[in-house]
Amino acid sequence: MYLCYVDDSGDSRNGTTLSAILVEAQHWSGLLDAWLAGRRAVYREFGVLKHAELHANRLYKGRGRLCETSEQNAVFDTPRRAATGRMMLSRLSRFKHFAVVTVASPQTSKPAVYAQFVAWLEDWASHEDAYLMIFYDGLQGLHRGDGEATPEEASELWQTAVRDATPYRRVHRDLDLGTRRVVEDVVMQDSHYSQFIQAVDLVAYGAYHQHRQDHPEIWGAGAPIVRDAIRAYVQTRDRWIPGTDKGVVWLDPTTQGPPAEAEGPRDARPRG
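Residues numbered from 1 in each chain as written. Predicted model: local features only at pLDDT ≥ 70, side-chain atom pairs only at ≥ 80, totals over all residues. Heavy atoms only, no water.

**Describing the pairing of strand S2 (residues 15-24)**
As a general feature of sheets, a regular strand has side chains that alternate between the two faces.
Logical step 1: Among the 10 residues in S2, nine count as buried, and that is most of the element.
Logical step 2: Sheet analysis places strand S1 (residues 2-11) next to S2, joined by 10 bridges and oriented antiparallel. Counterpart to Ser9 in the pairing with S2 is Thr17.
Logical step 3: Count of turn residues in the S1/S2 antiparallel hairpin: three residues.
Logical step 4: Inspection of the sheet shows S2 paired to strand S3 (residues 99-105) by seven bridges, in the antiparallel sense. Pairing of Leu22 across the sheet is with Ala99, part of S3. (Buried < 20%, exposed > 50% of the residue type's maximum accessible area, 1.4 Å probe, protein only. Helix = DSSP H or I, 4+ residues; strand = E, 2+ residues; numbered from the N terminus. Pairing = 2+ DSSP bridges.)

And the structure:
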């Protein structure tokens, strides 16, 4: 059984990417230990709090208070933020028993690209004779603020989480029960509370900017390329599924399944 942690990146005009960290259940604790080693390292180096949310967009754009003290935050500049991303994905990638893959599509509807990605994962898992459980970045109905939510607030949070997850849950329920490899409904995990969703967020952001840099004919000349995110993403290169374009699979926008030229990754297992 593989656990698959998924997050998206992309832009609202030219397309969407979805990235996944794939880890077999028996290696889950080892992968978490590697990530937490990174958290300890950036705490020692820069004072980045171990429970501060590492959100790639805010990290690389200089937003948010991440460090323990005001003095540390004052000097947590662009080079230190870039180093944080590299250190986190470098420490994570020292653990060998996981894989990274990203799918990219010109579609801007995240549920539509998610359906394509699930089809790709089903194909991969069938070849590996494996099963997957997917955890996707999204609301869980949990209260983030100080103190306890009122009953009304808790009810609204829960209803919003259920509503937002509906299109993704529907993708799972449309799978053929007799042959499906993705088990259960999608499990939404709020990145604020999930270390691995934060990890795959760093991966997704870097993979998107790597693909944008390599394929301007697809993504256009919009916002600047975040090369610090690419440098962090490249730390995972030994974990990219073989046969991909630097870890990325370009999906045929007319189908939900992988195009013929993307069948290479089917012959790959996570390295390690």
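**Structural notes on the sheet that holds S3**
Logical step 1: Taking strand neighbours across the sheet as the criterion, the six strands line up as S5-S4-S1-S2-S3-S6 in an open arrangement whose pairing is mixed. Across the chains shown, the open sheet's two edge strands, defined by having one partner strand only, are strand S5 (187-189) and strand S6 (248-250). If you compare each strand with its neighbour and ignore which way they point, the axes differ by 30 degrees on average.
Logical step 2: Relative to strand S4 (residues 132-137), S1 runs parallel, the two sharing five bridges. Along S4, the bridge assignment pairs Val6 with Tyr136.
Logical step 3: Packing of helix H1 (residues 28-46) onto the sheet brings it into contact with S1 and S2, and relative to S2 it is tilted by some 115 degrees. (Axes fitted to C-alpha atoms, helices over the stretch in contact; angles between N-to-C directions. Contact = heavy atoms within 4.5 Å.)

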